[in-house]
Each structure stands twice: as structure tokens, then as C-alpha cells.
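A structural walkthrough
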Amino acid sequence: MSDADIDDDFDDDFVDDDDAKMVEEAETSVRTRLSSLEKRRLIDNLLEEKRLAKELKDDLDDIDNFDEDGDDWDDDEL
């Protein structure tokens, strides 16, 4: 028996075209939801990275403005 004969045996599994359409619609729906979830995950990751970058920048700005000798004078002007 050739491969083509085996494939032909399964062509009649969906006797009704409506069943085939329902399966195809279900598969499309699952793919769409997975795609949406993946996009949402990527957006969440991007927002988290931006938040962390801003937090790090703010921390570095605080370190740059730290008065090392404890007086009220701006050390950069001297």
C-alpha cells in the first residue's frame, strides 16, 4: 500500500464539512489566543524592563547627587 492510499483512507474521517469547519475554527481560535497571550507576555516584559531601567537610572542619579563630605556646598563648583 502506498502512502497516498493511506492518506486517502483518512479523508472520510470528517463526513460532514461542518465538523471539519468547526475543528478548523477551533484550531484558529487556539492559535489566536496563544498569539495574544504571547504578545501580552512580551508587552509585560518590556514594561518591566523599562520600569527597572528607570529605577536604576533614578538610583544612579541619587548617587551622583550624593554630597560626599557632608557639607551643604556643591562639590563640583570648587
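That block above? That's the structure.
Residues numbered from 1 in each chain as written. Predicted model: local features only at pLDDT ≥ 70, side-chain atom pairs only at ≥ 80, totals over all residues. Heavy atoms only, no water.

So, about the overall build of the protein chain. Secondary structure assignment for the protein chain yields 2 helices and 0 strands. Within the protein chain, buried positions represent 0% of all 78 residues. Counting every atom, the protein chain has about 7,700 Å² of accessible surface; 53% of that belongs to carbon and sulfur. (Helix = DSSP H or I, 4+ residues; strand = E, 2+ residues; numbered from the N terminus. Buried < 20%, exposed > 50% of the residue type's maximum accessible area, 1.4 Å probe, protein only. Areas by Shrake-Rupley, 256 points an atom, 1.4 Å probe, with all protein chains shown as cover.)

Let us look at the pattern of salt bridges. One pass over the structure, following the stated rule, counts 7 salt bridges. When the shortest N-O distance is used, the salt bridge between glutamate 38 and arginine 41 registers 2.6 Å. Taken together, the residues span about one helical turn, with glutamate 38 and arginine 41 both in helix α2 (residues 17-64) at a distance of 3 residues. Classification of arginine 41 by relative accessible area gives partly exposed; the value is 40%. With a closest N to O distance of 2.9 Å, arginine 51 and glutamate 55 form a salt bridge. Of the two residues, arginine 51 and glutamate 55 both sit in helix α2, 4 residues apart, roughly one turn of that helix. By relative accessible area, which is 39% here, glutamate 55 ends up partly exposed. Each of the salt bridges in this network shares a partner with another, and the network as a whole consists of Glu48, Arg51 and Glu55. (Salt bridge = Lys/Arg side-chain N within 4 Å of Asp/Glu carboxyl O.)

Attention now moves to a nonpolar patch on the surface. A contiguous nonpolar surface patch, about 290 Å² in accessible area, is contributed by Val30, Leu34 and Leu37. Mapped onto the elements of the fold, leucine 37 is located in helix α2. Residue classification places leucine 37 among the exposed positions, given a relative accessible area of 58%. (Patch = residues over 30% accessible without salt bridge, like charges linked within 9 Å, V, L, I, M, F, W, Y side chains within 5 Å.)

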